[in-house]
Amino acid sequence: MGFNGAMSEDLGPSRAVLRAFGAVGEPVRLAGGKGGAWRVGDVVVKPSEGDAEVRWRAGVLAGLAESSEFRVARPVRAADGDWVAGGWEATWLVAGEPDQRRVVEVVRAGEAFHAAVAGVARPSFLDTRWNPWGNGEWLAWEPVDSAGHGMKTVVRRPSALLDELLAVRVPVVMVEQIVHADLLGNVLFAEGLPPAIIDWAAYWRPAAWASAVAVVDAMVWHGFDFGLARRWAGVPDWGQLLVRAAIFRLATWGAAGWSAEPQEAYGPVTRDVVEFVRGGG
(Lines give C-alpha, C1' and ligand atoms only; values in the text may rest on other atoms or scores of the structure.)
Protein backbone atom coordinates (compact mmCIF):
# COMPACT_ATOMS: atom_id res chain seq x y z
CA MET A 1 0.00 0.00 0.00
CA GLY A 2 1.41 3.39 -0.98
CA PHE A 3 1.09 6.64 0.93
CA ASN A 4 1.35 10.17 -0.35
CA GLY A 5 3.15 11.38 2.74
CA ALA A 6 2.23 10.56 6.31
CA MET A 7 2.13 14.24 7.30
CA SER A 8 3.55 15.32 10.64
CA GLU A 9 2.10 14.90 14.10
CA ASP A 10 1.54 18.67 14.16
CA LEU A 11 -0.59 18.60 11.02
CA GLY A 12 -2.24 15.28 11.77
CA PRO A 13 -2.44 12.04 9.81
CA SER A 14 -2.81 12.10 6.05
CA ARG A 15 -6.00 10.96 4.34
CA ALA A 16 -4.13 7.90 3.14
CA VAL A 17 -3.34 6.94 6.73
CA LEU A 18 -6.96 7.46 7.77
CA ARG A 19 -8.19 5.30 4.88
CA ALA A 20 -5.71 2.59 5.81
CA PHE A 21 -7.17 2.35 9.31
CA GLY A 22 -10.77 2.87 8.24
CA ALA A 23 -11.00 6.05 10.31
CA VAL A 24 -13.88 8.28 9.25
CA GLY A 25 -14.25 11.92 10.27
CA GLU A 26 -12.21 15.02 10.85
CA PRO A 27 -9.10 14.57 13.01
CA VAL A 28 -9.26 16.26 16.42
CA ARG A 29 -6.02 16.60 18.31
CA LEU A 30 -6.08 15.05 21.78
CA ALA A 31 -4.57 16.66 24.85
CA GLY A 32 -2.07 14.88 27.05
CA GLY A 33 0.70 12.45 26.33
CA LYS A 34 3.30 13.77 23.90
CA GLY A 35 0.71 15.74 21.97
CA GLY A 36 0.78 13.63 18.81
CA ALA A 37 -2.48 11.68 19.16
CA TRP A 38 -5.57 12.46 17.08
CA ARG A 39 -9.13 11.24 17.45
CA VAL A 40 -10.93 10.42 14.21
CA GLY A 41 -14.42 9.16 14.96
CA ASP A 42 -14.00 6.04 17.09
CA VAL A 43 -10.33 5.64 16.24
CA VAL A 44 -7.25 7.23 17.82
CA VAL A 45 -4.14 7.53 15.63
CA LYS A 46 -0.68 8.63 16.65
CA PRO A 47 2.82 8.56 15.13
CA SER A 48 4.73 5.33 15.56
CA GLU A 49 7.76 5.82 17.79
CA GLY A 50 9.18 2.48 16.69
CA ASP A 51 7.46 0.13 14.30
CA ALA A 52 8.85 -3.01 15.94
CA GLU A 53 7.48 -1.90 19.31
CA VAL A 54 4.12 -0.96 17.80
CA ARG A 55 3.76 -4.35 16.14
CA TRP A 56 4.78 -6.20 19.29
CA ARG A 57 2.43 -4.18 21.51
CA ALA A 58 -0.47 -4.51 19.11
CA GLY A 59 -0.01 -8.26 18.92
CA VAL A 60 -0.04 -8.59 22.70
CA LEU A 61 -3.04 -6.32 23.22
CA ALA A 62 -5.04 -7.86 20.38
CA GLY A 63 -4.72 -11.27 22.00
CA LEU A 64 -5.26 -10.18 25.61
CA ALA A 65 -8.32 -11.70 27.25
CA GLU A 66 -11.10 -9.41 28.46
CA SER A 67 -10.90 -8.59 32.17
CA SER A 68 -13.33 -7.31 34.76
CA GLU A 69 -10.43 -5.43 36.41
CA PHE A 70 -9.16 -3.34 33.50
CA ARG A 71 -9.73 -2.40 29.87
CA VAL A 72 -7.15 -1.72 27.18
CA ALA A 73 -7.17 0.34 24.01
CA ARG A 74 -7.39 -2.40 21.39
CA PRO A 75 -5.22 -1.90 18.30
CA VAL A 76 -6.70 -1.30 14.86
CA ARG A 77 -5.20 -3.28 12.00
CA ALA A 78 -4.54 -1.43 8.73
CA ALA A 79 -6.12 -2.54 5.46
CA ASP A 80 -2.95 -4.36 4.40
CA GLY A 81 -2.93 -6.40 7.62
CA ASP A 82 -0.11 -4.48 9.29
CA TRP A 83 -0.37 -2.62 12.59
CA VAL A 84 1.51 0.38 11.13
CA ALA A 85 0.47 2.56 8.19
CA GLY A 86 2.52 5.43 6.83
CA GLY A 87 4.41 5.78 10.09
CA TRP A 88 1.25 5.83 12.24
CA GLU A 89 -0.51 3.38 14.56
CA ALA A 90 -4.15 3.25 15.63
CA THR A 91 -6.33 2.03 18.48
CA TRP A 92 -10.03 2.04 19.15
CA LEU A 93 -11.16 4.92 21.33
CA VAL A 94 -11.82 3.96 24.95
CA ALA A 95 -14.16 5.86 27.23
CA GLY A 96 -12.82 7.68 30.25
CA GLU A 97 -10.56 10.42 31.55
CA PRO A 98 -7.36 10.27 33.61
CA ASP A 99 -7.58 11.19 37.29
CA GLN A 100 -4.18 11.42 38.93
CA ARG A 101 -5.78 11.73 42.36
CA ARG A 102 -7.02 8.12 42.18
CA VAL A 103 -3.56 6.69 42.75
CA VAL A 104 -4.64 3.57 44.63
CA GLU A 105 -7.01 2.62 41.83
CA VAL A 106 -4.32 3.31 39.22
CA VAL A 107 -1.91 1.01 41.04
CA ARG A 108 -4.59 -1.65 41.42
CA ALA A 109 -5.40 -1.53 37.71
CA GLY A 110 -1.68 -1.74 36.92
CA GLU A 111 -1.30 -4.78 39.15
CA ALA A 112 -4.15 -6.54 37.35
CA PHE A 113 -2.70 -5.65 33.95
CA HIS A 114 0.76 -6.87 34.95
CA ALA A 115 -0.69 -10.15 36.18
CA ALA A 116 -2.37 -10.58 32.82
CA VAL A 117 0.85 -10.02 30.83
CA ALA A 118 3.21 -11.79 33.23
CA GLY A 119 3.75 -14.64 30.77
CA VAL A 120 4.75 -12.41 27.85
CA ALA A 121 8.34 -13.01 26.72
CA ARG A 122 10.88 -10.21 26.76
CA PRO A 123 10.62 -8.40 23.41
CA SER A 124 13.75 -7.93 21.33
CA PHE A 125 13.10 -4.25 20.57
CA LEU A 126 14.16 -3.44 24.14
CA ASP A 127 17.73 -4.27 23.09
CA THR A 128 17.85 -1.44 20.56
CA ARG A 129 15.36 1.17 21.75
CA TRP A 130 17.04 4.19 23.30
CA ASN A 131 15.41 7.47 24.31
CA PRO A 132 15.52 9.82 27.32
CA TRP A 133 13.22 7.54 29.30
CA GLY A 134 15.34 4.52 28.47
CA ASN A 135 18.35 6.49 29.66
CA GLY A 136 16.59 7.10 32.99
CA GLU A 137 15.56 3.48 33.34
CA TRP A 138 19.11 2.29 32.62
CA LEU A 139 20.62 4.60 35.22
CA ALA A 140 17.99 3.52 37.74
CA TRP A 141 18.78 -0.16 37.45
CA GLU A 142 22.19 -0.86 35.95
CA PRO A 143 25.63 -0.45 37.60
CA VAL A 144 26.48 3.20 38.20
CA ASP A 145 29.68 2.94 36.18
CA SER A 146 27.92 1.29 33.23
CA ALA A 147 28.87 3.08 30.02
CA GLY A 148 25.56 2.52 28.31
CA HIS A 149 23.35 0.23 26.29
CA GLY A 150 25.03 -1.18 23.20
CA MET A 151 26.26 1.75 21.13
CA LYS A 152 24.35 4.27 23.25
CA THR A 153 25.88 6.36 26.00
CA VAL A 154 24.19 7.05 29.32
CA VAL A 155 23.65 10.76 29.94
CA ARG A 156 24.40 11.64 33.56
CA ARG A 157 24.02 15.37 34.08
CA PRO A 158 25.33 16.67 37.44
CA SER A 159 22.50 16.53 39.97
CA ALA A 160 22.65 16.63 43.75
CA LEU A 161 19.29 14.86 43.91
CA LEU A 162 20.51 11.99 41.73
CA ASP A 163 23.64 11.77 43.87
CA GLU A 164 21.50 11.35 47.00
CA LEU A 165 19.40 8.62 45.41
CA LEU A 166 22.31 6.72 43.88
CA ALA A 167 24.07 6.79 47.26
CA VAL A 168 21.30 4.69 48.84
CA ARG A 169 20.64 2.40 45.89
CA VAL A 170 21.67 -1.19 46.58
CA PRO A 171 21.26 -4.35 44.49
CA VAL A 172 17.94 -6.17 44.65
CA VAL A 173 16.88 -9.51 43.25
CA MET A 174 13.32 -9.50 41.98
CA VAL A 175 11.37 -11.28 39.27
CA GLU A 176 11.20 -9.16 36.12
CA GLN A 177 8.54 -9.07 33.44
CA ILE A 178 7.10 -6.70 30.89
CA VAL A 179 5.54 -3.70 32.64
CA HIS A 180 3.82 -0.38 31.95
CA ALA A 181 6.07 2.25 33.53
CA ASP A 182 3.90 5.34 32.98
CA LEU A 183 0.60 4.44 34.56
CA LEU A 184 -0.53 7.52 36.47
CA GLY A 185 -1.70 9.62 33.53
CA ASN A 186 -2.52 6.65 31.32
CA VAL A 187 -5.32 5.01 33.27
CA LEU A 188 -8.75 6.30 32.28
CA PHE A 189 -11.83 6.19 34.50
CA ALA A 190 -15.42 6.02 33.27
CA GLU A 191 -18.57 5.48 35.33
CA GLY A 192 -19.59 1.84 35.45
CA LEU A 193 -16.53 0.56 33.59
CA PRO A 194 -13.19 -0.92 34.70
CA PRO A 195 -10.21 1.43 34.42
CA ALA A 196 -8.73 1.59 30.92
CA ILE A 197 -4.97 1.36 30.41
CA ILE A 198 -3.56 3.25 27.42
CA ASP A 199 -0.21 4.34 25.93
CA TRP A 200 1.79 1.35 27.12
CA ALA A 201 5.35 2.41 28.01
CA ALA A 202 6.97 -1.03 28.00
CA TYR A 203 10.00 -1.97 30.10
CA TRP A 204 11.36 -5.24 31.47
CA ARG A 205 11.49 -4.69 35.23
CA PRO A 206 9.71 -5.85 38.43
CA ALA A 207 5.97 -5.17 38.31
CA ALA A 208 6.06 -3.37 41.66
CA TRP A 209 8.55 -0.86 40.22
CA ALA A 210 5.83 0.33 37.84
CA SER A 211 3.63 0.93 40.88
CA ALA A 212 6.46 2.86 42.53
CA VAL A 213 6.80 5.10 39.46
CA ALA A 214 3.10 5.97 39.66
CA VAL A 215 3.44 6.75 43.37
CA VAL A 216 6.51 8.95 42.85
CA ASP A 217 4.74 10.80 40.04
CA ALA A 218 1.77 11.44 42.32
CA MET A 219 3.99 12.81 45.09
CA VAL A 220 6.10 14.97 42.78
CA TRP A 221 3.34 16.46 40.64
CA HIS A 222 -0.01 16.03 42.39
CA GLY A 223 0.46 17.13 45.96
CA PHE A 224 0.58 13.82 47.82
CA ASP A 225 2.83 13.52 50.86
CA PHE A 226 4.92 10.46 51.71
CA GLY A 227 2.00 8.90 53.52
CA LEU A 228 0.89 7.73 50.09
CA ALA A 229 4.09 5.74 49.56
CA ARG A 230 3.79 4.16 53.01
CA ARG A 231 0.57 2.42 51.91
CA TRP A 232 2.76 -0.09 50.05
CA ALA A 233 5.49 -0.37 52.69
CA GLY A 234 4.89 -4.12 52.93
CA VAL A 235 5.98 -4.70 49.33
CA PRO A 236 9.41 -6.40 49.34
CA ASP A 237 12.24 -3.90 48.70
CA TRP A 238 9.69 -1.10 48.38
CA GLY A 239 12.21 1.54 49.41
CA GLN A 240 14.62 0.44 46.69
CA LEU A 241 11.81 0.48 44.14
CA LEU A 242 10.98 4.06 45.12
CA VAL A 243 14.66 4.98 44.77
CA ARG A 244 14.72 3.53 41.26
CA ALA A 245 11.44 5.20 40.35
CA ALA A 246 12.78 8.60 41.37
CA ILE A 247 16.08 8.04 39.52
CA PHE A 248 14.14 6.96 36.42
CA ARG A 249 12.26 10.24 36.34
CA LEU A 250 15.14 12.52 37.32
CA ALA A 251 17.67 11.01 34.93
CA THR A 252 15.33 11.59 32.00
CA TRP A 253 15.71 15.38 32.31
CA GLY A 254 19.34 15.52 31.31
CA ALA A 255 19.00 12.99 28.49
CA ALA A 256 16.08 14.93 27.03
CA GLY A 257 18.04 18.17 27.14
CA TRP A 258 15.45 19.82 29.35
CA SER A 259 16.34 22.50 31.86
CA ALA A 260 17.60 21.42 35.27
CA GLU A 261 15.12 19.24 37.11
CA PRO A 262 12.68 21.23 39.27
CA GLN A 263 14.18 21.13 42.74
CA GLU A 264 10.99 22.38 44.32
CA ALA A 265 9.03 19.40 43.01
CA TYR A 266 11.61 16.63 43.33
CA GLY A 267 13.56 17.79 46.38
CA PRO A 268 11.03 16.91 49.11
CA VAL A 269 10.21 13.55 47.52
CA THR A 270 13.89 12.68 47.17
CA ARG A 271 14.54 13.53 50.82
CA ASP A 272 11.55 11.45 51.95
CA VAL A 273 12.59 8.46 49.84
CA VAL A 274 16.19 8.60 51.08
CA GLU A 275 15.06 8.91 54.70
CA PHE A 276 12.67 5.98 54.25
CA VAL A 277 15.44 3.77 52.85
CA ARG A 278 17.94 4.77 55.52
CA GLY A 279 15.35 3.98 58.14
CA GLY A 280 15.12 0.42 56.87
CA GLY A 281 12.18 0.86 54.51
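- Where an unreviewed UniProt entry is consulted, the chain appears under the name TIGR02569 family protein, with the organism given as Winogradskya consettensis.

## Observations concerning the overall build of the chain
Then comes step 1: Scanning the chain from terminus to terminus reveals 9 helices and 10 strands.
Then comes step 2: The C-alpha atoms of the chain give 19 Å as radius of gyration, which agrees with the globular expectation for 281 residues (19 Å, within 12%).
Then comes step 3: Burial status across the chain gives 52% buried among its 281 residues.
Then comes step 4: Of all intrachain contacts in the chain linking residues separated by at least 6 positions in sequence, the fraction that spans at least 24 positions is 69%.
Then comes step 5: Total accessible area on the chain stands at roughly 13100 Å², and carbon and sulfur atoms take up 53% of it.
Then comes step 6: Computing the positive centroid from 27 side-chain charges and the negative centroid from 33, the chain places the two 1 Å apart.

## Comments concerning the side chain of Gln 177
Then comes step 1: Checked against the element boundaries, Gln 177 lands in strand β7 (residues 177–180).
Then comes step 2: When near neighbours in sequence (up to four residues on either side) are disregarded, Gln 177 contacts His 114, Val 117, Ala 118, Tyr 203, Trp 204, Arg 205 and Ala 207.

## Notes on the packing of aromatic side chains
Then comes step 1: A full pass over the atoms with the stated rule returns 15 aromatic pairs.
Then comes step 2: Relative to Trp 258, the ring of Trp 133 has its centre 6.2 Å away and its plane inclined at 70°; by these criteria the two rings are edge-to-face. Of this pair, Trp 133 sits in helix α4 (residues 132–141) while Trp 258 sits in the loop between α8 (238–256) and α9 (263–278), and the two are 125 residues apart along the sequence.
Then comes step 3: Using a relative accessible area of 26% as the deciding quantity, one classes Trp 133 as partly exposed.
Then comes step 4: Consider the rings of Trp 232 and Trp 238, whose centres lie 6.1 Å apart with planes at 45°: the pair is tilted.
Then comes step 5: Overall, Trp 232 belongs to the buried group, its relative accessible area being 12%.
Then comes step 6: The structure contains a cluster of three or more aromatic residues connected by ring pairs, namely Trp 56, Phe 70, Phe 113, Phe 125 and Trp 200.
Then comes step 7: The ring of Phe 224 has Arg 101 sitting right over it, with the charged end atom 4.2 Å from the ring centre.

## Looking at the pattern of salt bridges
Then comes step 1: A full pass over the atoms with the stated rule returns 15 salt bridges.
Then comes step 2: Where Lys 46 meets Asp 199, a salt bridge forms, and the shortest distance between an N and an O atom there is 2.8 Å. On the criterion of sequence distance, the pair formed by Lys 46 in strand β3 (residues 43–47) and Asp 199 in the loop between β9 (196–197) and β10 (202–205) is long-range, its members being 153 residues apart.
Then comes step 3: Linked through salt bridges whose partners overlap, the residues forming this network are Glu 53, Arg 57, Glu 89 and Arg 129.

## Focus on the sheet that holds β3
Then comes step 1: With antiparallel pairing, the 4 strands of this open sheet are ordered in space as β1-β2-β3-β5. Two strands close off the open sheet at either side, each with one partner strand: β1 (28–29) and β5 (88–92).
Then comes step 2: Bridge count for β3 against β5 is 5 bridges, and the pairing is antiparallel. The residue bridging Pro 47 from the neighbouring strand is Trp 88, located in β5.

Reading the values: the criteria
Residues numbered from 1 in each chain as written. Predicted model: local features only at pLDDT ≥ 70, side-chain atom pairs only at ≥ 80, totals over all residues. Heavy atoms only, no water. Helix = DSSP H or I, 4+ residues; strand = E, 2+ residues; numbered from the N terminus. Rg over C-alpha atoms; globule rule 2.2 N^0.38 Å. Buried < 20%, exposed > 50% of the residue type's maximum accessible area, 1.4 Å probe, protein only. Contact = heavy atoms within 4.5 Å. Areas by Shrake-Rupley, 256 points an atom, 1.4 Å probe, with all protein chains shown as cover. Lys, Arg positive; Asp, Glu negative; His and termini not counted. Charge placed at Lys NZ, Arg CZ, Asp CG, Glu CD. Phe/Tyr/Trp six-rings, centres within 6.5 Å; stacked < 30°, edge-to-face > 60°. Lys NZ or Arg CZ within 6 Å of the ring centre and 35° of its normal. Salt bridge = Lys/Arg side-chain N within 4 Å of Asp/Glu carboxyl O. Pairing = 2+ DSSP bridges.

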